Amino acid sequence: MRGGSDALKAKVGRSAKTGKFVVVDATRFEAVMKAAEHSGLLGEKSARIGGRISPALLEQAKKQTGIQTATDLIEFALANVALDDDFGKTFSEVRGTVDPSLKLGF
């Protein structure tokens with residue numbers, strides 16, 4: 001994993017309630033990057049990405065996440081998108097599909 005936790009002041013995750021990014025501990029960052037690695041997403045690094053973005057956007061994202069380098073920030077952001085399981089959407093779609101008379105044992 002490029003940079004590892006040495007490249008970070010803090011790590012980032014999403015709030016389950018708001019979906020907004022929040023600063024979290026190193027465990028979250030490591031978990032996302034290890035999951036991406038185990039999924040085969042962090043293999044050979046031969047692809048390049050380029051684009052023009054607002055410096056204010058880049059600086060705010062670094063400040064918000066604690067990730068110091070643009071490369072680590074892009075890699076972490078892409079890993080989050082690639083690993084997203086759409087839990088909220090799926091949960092909403094299945095709402096009401098379980099028989100209300102089902103005994104759950106509580």
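Below, the structure is looked at part by part.

So, how was this worked out
Residues numbered from 1 in each chain as written. Predicted model: local features only at pLDDT ≥ 70, side-chain atom pairs only at ≥ 80, totals over all residues. Heavy atoms only, no water. Core = buried A, V, L, I, M, F, W, Y, C linked by side-chain atoms within 4.5 Å. Buried < 20%, exposed > 50% of the residue type's maximum accessible area, 1.4 Å probe, protein only. Helix = DSSP H or I, 4+ residues; strand = E, 2+ residues; numbered from the N terminus. Expected span 1.5 Å × (residues − 1). Arc of directions from axis to C-beta.

1. Let's talk about the nonpolar core
In globular proteins that are soluble, nonpolar side chains generally tend to be buried together.
Right, on to step 1. Counting residues in each nonpolar core, the largest one holds nine residues, listed as Phe29, Val32, Met33, Ala36, Leu42, Ile67, Leu73, Phe76 and Ala79.
Right, on to step 2. Counting only elements with at least two residues in this core, the list comes to helix H1 (26–38) and helix H3 (70–83).
Right, on to step 3. The dominant element in this core, judged by the number of residues it contributes, is H1, at four residues.

2. Some details on H1
Right, on to step 1. Taking 1.5 Å per residue as the helical rise, H1 with its 13 residues ought to reach 18 Å, and the 18 Å between its terminal C-alpha atoms agrees with that figure.
Right, on to step 2. Turning to H1, its buried residues number three or more, namely Phe29, Val32, Met33 and Ala36. Buried positions in H1, seen along its axis, are confined to an arc of 90 degrees and lie on one side of it. Opposite its buried face, H1 presents the exposed residues Thr27 and His38, each directed more than 90 degrees away.
Right, on to step 3. Following H1 by one or two positions, Gly40 adopts a phi angle in the positive range, close to 80 degrees.

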